[in-house]
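# Breakdown of the fold
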Amino acid sequence: MNGTIALFLAQDGIINGAIYALVGVTLVLVFAVTRVIFVPQGEFIAWAALTVAALEAGTVPGTAWLLLVLGIATAALEVVREGRRLTIRRVATMLGFDLALPAGLLLAVIWLAPLKLGLAFNAAMTLALLIPMGPLLYRLAFQPLADASVLVLLIASIGVHFALVGLGLVFFGAEGVRTTPLLSGTFPAGPLVVKWQSIGVLVVTVLVLIGLYAFFERTMMGKALRATAVNRLGARLVGIPVASTGRIAFALAAAIGAVSGILIGSLTTIYYDSGFLIGLKGFVAAIIAGLHSYPLTALAALLVGLLESYSAFFASAFKEVIVFSIILPVLIWRSLASGPHHDEDEEA
Amino acid sequence: MSGPILSVANLSVSYGRVEAVRNVSLEIAEGSIVTVIGANGAGKTTLMNAIMGVLPSTGDITLDGKLLGRSLVEERVNTGLCLVPEKRELFSTMSVEDNLRLGAYRFGSGAVADGFRDVFARFPRLEERRRQEAGTLSGGERQMLAMGRALMSKPRLLMLDEPSLGLAPLIVKEIFHIVTDLSKAGVSILVVEQNARAALQVADHAYVMELGAFTMNGPAAALAADKGVIESYLGLGGGKHN
Ligand SMILES: Nc1ncnc2c1ncn2[C@@H]1O[C@H](COP(=O)(O)OP(=O)(O)O)[C@@H](O)[C@H]1O
Ligand SMILES: [Mg+2]
């Protein structure tokens, strides 16, 4: 390996690391607010890339149908579950949010997709289709378990992951896609050729991180989300509608996932099930940082990206193994450092 | 004088098959201090939680002439009801300032500066500690923060569950002094106490709770002079709960 290759690998690693950072901070966010370890975060990424690809081809993306299916399922389940306790306001919200919105988006996309309106439209439509999925999934799978243990929530999360991968295969097929870069072209930097898209990924990642920081540190809503995570009863007593904080966290997760997917689609080929590995690497980063700190998670994600990139060069057959095995020493170190009763604190 | 700010009629609360509060009725006149005294396990906390909407109950709870029905906790907060719970339920990893700020959640950030001024005037200690994490406060400071956070929501009826619990006598005095001040400022107050002596001193009206039901009620001064009450709640037996 010479210097140029090392730099090239570093570039690759940093870009992938940025994507893993977006996944990692999302996992930290969702866990902090809902205690859900959101395994299916990667699905949002894959689905966003697949949606952009379908729109570029002028076809109706599977996500448009999926959203409608999720909306109907969620509304139906809530009617069954709540029955007589439903208020008129809730029913109106359900009609609007779960049925009318997905149906409207589906009609819009059937009408507009063949016109091939270009990059900006594709990105906006992808966000519009993906973001509502976050709160829908939360209501469908996690809200009924709001008081369950972290382990039960994790099991639900894994179940949702498998269900979504299955749905992904049905709605998108097994073919891989690669999208047009939002930013095309390259520029030389010393011995390297850098893609503008790579710079775009980095800039967007940094902006998302700054945005999250500002949201949680500076806004009442962000603080309310944190407060709900710290003390749910306390949050209820000051009038925070705690049921909606989970929906907001999941909407943010879907939004960040969609942004990641829009970015990554042009960098690598994405299949219906590509989300899992991306999600898992973000998860490794989040775990290294103790599912706790945003900046540490981003740093760990960078490390994961670099490690993956170099191990792909030296031992490509083992690159995933190498990446995932770094979690072991971290877990051992954490459990030694924290003693036996620490888990309880982290759940509280 | 207007009607009662809160009236509770035939309220019952159960934990599974165990009825912890049975058929309780209570009224709080606007601007007054009402106390419910009773031994540990009598059902005082359960009663408060039911009024706040944290626990489901049967019977009628009327705030300002409006039936609360099945309304959610956040809706009750928005109508001016506020509970300072027995366990304080602070946001322990957040700063004192952020705890207070979240108390004003129902008004949004616009009301924060105003609320800070009022709360810091009543609790200067909180201003000194405004950047400190809530979890690092002393017991008395935690109670002050819990009350300050409640005041940020500008409650019309403030419910205090055992405000003196675990506090040194001097701080108990300070807390009850602030309760009287609040009442003078027009806030109606329902305070629940094992420390009956302190509660009866500040209250206008008092209820005695035993095994989930009210056994007695009347003007606080009259109850403080009642032989039965003195024996059960104000004698040595009552004092040891402090
Ligand atoms: N979560 C609960 N589940 C079952 N029983 C409870 C629960 N909380 C309180 N109780 C019971 O209800 C009764 C009243 O409790 P509580 O309202 O806490 O009394 P107090 O506040 O007057 O000390 C007690 O017998 C207590 O054991
Ligand atoms: Mg109690």
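Values in this document were obtained by computation on a predicted structure and should not be read as measured data. Along each chain, residues carry numbers from 1 onward, in the same order as the chain's sequence is written. Ligands are numbered from 1 and chains lettered from A, in the order in which they are written. Two thresholds apply to this predicted model, a pLDDT of at least 70 for residue-level local features and 80 or more for giving and counting side-chain atom pairs, whereas whole-chain, interface and lining totals are computed over all residues. Side-chain metrics rest on all non-hydrogen atoms present in the structure, leaving aside hydrogens and water.

Okay, the confidence of the model for chain B next. A score between 0 and 100, pLDDT records how confident the predictor is in each residue. Model confidence for chain B is summarised by a mean pLDDT of 92, while 96% of its residues fall at 70 or above. With pLDDT under 50 throughout, residues 237–242 of chain B is counted as low confidence; its partners more than four residues away or in other chains account for 6 contacts. By definition, residues are in contact when any of their heavy atoms lie within 4.5 Å.

This part is about the coordination of the magnesium ion (ligand 2). Residue and element names in this part refer to chain B. Distances from the magnesium ion (ligand 2) to its protein donors, T45 (OG1) and E86 (OE), fall at 1.9 to 2.2 Å. Within this pair, whereas T45 is found in helix α1 (residues 44–52), its partner E86 is found in the loop between β6 (81–84) and α3 (96–103), the two being separated by 41 residues in sequence. A relative accessible area of 26% places T45 in the partly exposed class. Any N, O or S atom lying within 2.8 Å of the metal counts as a donor, and for Na, K and Ca the limit rises to 3.2 Å; water is left out, so some sites can look incomplete. Working definition: helices are DSSP H or I runs of at least four residues, strands are E runs of at least two. Numbering for both runs from the N terminus. Buried, partly exposed and exposed residues are distinguished by accessible area as a fraction of the type maximum, computed with a 1.4 Å probe on protein chains only: under 20%, between the cut-offs, and over 50%, respectively.

Residues and elements named next belong to chain A. Look at helix α1 (residues 3–34) against helix α11 (residues 242–264): their axes get within 9 Å of each other, and the N-to-C directions meet at 175°. Between α1 and α11, the crossing angle belongs to the class labelled roughly antiparallel. Where α1 abuts α11, its residues I19, L22, T26, L29, V30, V33 and T34 lie against T245, G246, A249, F250, L252, A253, I256, S260, L263 and I264. Nonpolar residues are Ala, Val, Leu, Ile, Met, Phe, Trp, Tyr, Cys and Pro. Charged residues are Asp, Glu, Lys and Arg, and all others, Gly as well, are polar. Per-class residue counts for the contact of α1 with α11 are 12 nonpolar, 5 polar and no charged. Every axis in this analysis is a line fitted to C-alpha atoms, fitted for helices over the stretch in contact. Angles between the N-to-C directions lie between 0 and 180 degrees. Oblique is the label for any angle not covered by the other classes, which are roughly parallel (under 35 degrees), roughly antiparallel (over 145) and roughly perpendicular (65 to 115).

On to unusual backbone geometry, then. Residue and element names in this part refer to chain B. With a phi close to 70°, R88 is a non-glycine residue in the positive phi region. Mapped onto the elements, R88 comes out in the loop between β6 and α3. Note on R88: relative accessible area 6%, which makes it buried. The backbone of K154 shows a phi angle near 45°, a positive value even though the residue is not glycine. Mapped onto the elements, K154 comes out in the loop between α6 (139–151) and β7 (157–161).

This paragraph deals with the nonpolar core. In plain words, nonpolar cores are sets of buried Ala, Val, Leu, Ile, Met, Phe, Trp, Tyr and Cys residues tied together by side-chain atoms within 4.5 Å. A:F38, A:W47, A:L130, A:M133, A:F142, A:I270 and A:I278 are the most contacted members of the largest nonpolar core, which has 84 residues in total. Per-element accounting of this core gives the leading share, 14 residues, to α1(A). Once residues lying within four places of it in the same chain are set aside, the contact partners of A:F142 are A:V36, A:F38, A:L137, A:L153, A:A156, A:S157, A:V160 and A:F250. Of all hydrophobic cores here, the second largest spans 59 residues; its members include A:A227, B:I37, B:F116 and B:M144.

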